[in-house]
Amino acid sequence: MNIDENLIKLSGKSFLSISDLNSEQINHLINLAALLKNKSVQYNYPKKVLGLIFEKSSTRTRVSFQVAMNRLSGNTIEISPSNTQIGRGESIKDTVRVLSNYVDALAIRTFEQDILDEYEKWGTIPVINALTDLEHPCQILADFLTIKEEFGSFDDVEVSYFGDGNNIANSLILCGAILGVQINIACPGEFKPNDQIIK
């Protein structure tokens, strides 16, 4: 079975949490990312447009989405809350219903995970979590790509994380559990990872 066949079930789906993927899908996404990175395969999406809604500041995540779409022959459009109706209190329901007519997908960097759920509920296009207070799943996929490049596989790999039990830690815990990779988290007690994530 080739990569496309393994990932076909993801076509048109939102990516709100690392737990939206199973181990096979994560592994195939990482393998595809490695092929794209090494220019061993090409995909072209010349008429696809990714809308970017970034309610939080960003450098690396914003640029990586823009460069990726450009290299795939697609386009991005920034939909800034400061100069659109979003900033004037337009509901998510109304916003995403309109945007669903113009763009092919939305990458959203925001605060509460529930905001992404609302976009996904009312829209007819895929929503990608570009960071929330709860998770940062795209970052973790990139981290596991680096681990795979360094060690060749996830067999016998143990990852230790030192820092706040934040969105990175939460997504790392979930991805490790899905892939069967031992994850050790060291952080101050008052900054521990989300209890529901651990559960």
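Sequence order as written defines residue numbering, which begins from 1 separately in each chain. In view of the model being predicted, local features appear only for residues whose pLDDT reaches at least 70, and side-chain atom pairs are presented and counted only at 80 or more, with totals across whole chains, interfaces and linings using the full set of residues. The basis for every side-chain value is the complete set of non-hydrogen atoms in the structure, without hydrogens or water.

Student: Looking at this structure, I do not really get the state of the cysteines. What am I missing?
Tutor: Note that a disulfide, as used here, is simply two cysteine sulfur atoms within 2.5 Å. Applying the stated criterion across every chain yields a total of zero disulfides. Cys-175 provides the cysteine sulfur closest to Cys-138, a residue in no disulfide bond, and the two sulfurs are 12 Å apart. Throughout this description, buried means an accessible area under 20% of the type-specific maximum (1.4 Å probe, protein chains only), exposed means over 50%, and partly exposed covers the range between. For Cys-138, a relative accessible area of 22% gives the class partly exposed.

Student: I'm lost on the pairing of strand β4 (residues 127-131) in this one. Help?
Tutor: Regular strands place side chains that alternate from one sheet face to the opposite one. Secondary structure elements are defined from DSSP: runs of H or I of at least 4 residues count as helices, runs of E of at least 2 residues count as strands, and each element is numbered from the N terminus. Burial analysis of β4 places four of its five residues in the buried class, the great majority of the element. Pairs of strands are assigned from DSSP output, requiring at least two bridges between the strands. Relative to β4, strand β3 (residues 105-109) runs parallel, the two sharing four bridges. Note that in β4 the partner of Arg-109 across the bridge is Leu-131. Once you follow β3 into helix α5 (residues 113-122) and on to β4, the crossover reads as right-handed. We call a crossover right-handed when, viewed with both strands directed away from the observer, the connection leading from the first strand over the helix to the second proceeds clockwise.

Student: Any chance you could explain the pattern of salt bridges here in plain terms?
Tutor: Side chains that differ in sign of charge can pair as their charged atoms come close. Any carboxyl oxygen of Asp or Glu within 4 Å of a side-chain nitrogen of Lys or Arg constitutes a salt bridge here. In this structure the tally under the stated criterion is four salt bridges. Glu-149 is the salt-bridge partner of Lys-37, the closest N and O atoms lying 3.0 Å from each other. Of this pair, Lys-37 sits in helix α2 (residues 23-37) while Glu-149 sits in helix α6 (residues 137-151), and the two are 112 residues apart along the sequence. For Glu-149, a relative accessible area of 40% corresponds to the partly exposed category. Note that Asp-195 and Lys-192 form a salt bridge whose closest N and O atoms lie 3.3 Å from each other. Owing to a relative accessible area of 49%, Asp-195 belongs among the partly exposed residues under this scheme.

Student: Mind showing me how you'd approach the environment of Asp-143 here?
Tutor: One can find Asp-143 in helix α6. Through-space distance from the C-alpha of Asp-143 to that of Val-157 is 13 Å; in sequence the pair is 14 residues apart. Pairs of N or O atoms within 3.5 Å make up the polar contacts considered here, provided that, within protein, one atom can donate a hydrogen while the other can accept it, and that residues adjacent in sequence are counted only when both atoms are side-chain atoms. Within the local environment of Asp-143, its side chain forms a polar contact with the side chain of Gln-139, the two groups lying 2.8 Å apart.

Student: Quick question: what am I supposed to make of α6 here?
Tutor: Taking 1.5 Å per residue, 15 residues should reach 21 Å; α6 reaches 21 Å between its end C-alpha atoms and fits that length. Along α6, the residues that are buried comprise Pro-137, Ile-140, Leu-141, Phe-144, Leu-145, Ile-147 and Lys-148. With its buried residues spanning 165 degrees around the axis, α6 presents them on a single face. On its buried face, α6 is in contact with α2, β4, β5 (158-162), α7 (167-179) and β6 (182-186). In the stretch just after α6, Gly-152 is the one whose phi turns positive, near 85 degrees. Each residue after the first adds 1.5 Å to the expected span of a helix. Directions pointing from the helix axis toward each C-beta atom define the arc. Here, two residues are considered to be in contact whenever any of their heavy atoms come within 4.5 Å of each other.

Student: Would you take a moment to explain the packing of helix α4 (residues 92-99) against α5 for this structure?
Tutor: In this description, a line fitted to the C-alpha atoms serves as the axis of each element, helices being fitted only across the stretch in contact, and the angle between N-to-C directions of two axes falls anywhere from 0 to 180 degrees. Taken N-terminus to C-terminus, the directions of α4 and α5 make an angle of 50 degrees; their axes are 8 Å apart at the nearest point. Taken together, α4 and α5 sit at an angle that is classed as oblique. The handedness of the crossing between α4 and α5 is right-handed. For the pair α4 and α5, the contacting residues are Ile-92, Lys-93, Thr-95, Val-96 and Arg-97 in the first and Ile-115, Glu-118, Tyr-119 and Trp-122 in the second. The nonpolar class holds Ala, Val, Leu, Ile, Met, Phe, Trp, Tyr, Cys and Pro. Asp, Glu, Lys and Arg form the charged class, and all remaining residues, Gly among them, are polar. Tallied by class, the residues present in the contact of α4 with α5 amount to five nonpolar, one polar and three charged. Convention used here: angles under 35 degrees read as roughly parallel, angles over 145 as roughly antiparallel, angles from 65 to 115 as roughly perpendicular, and any remaining angle as oblique. Should the near helix be turned anticlockwise from the far one by less than a right angle, the crossing is termed left-handed; should it be turned clockwise, right-handed.

Any functional reading would require information beyond the geometric quantities listed.
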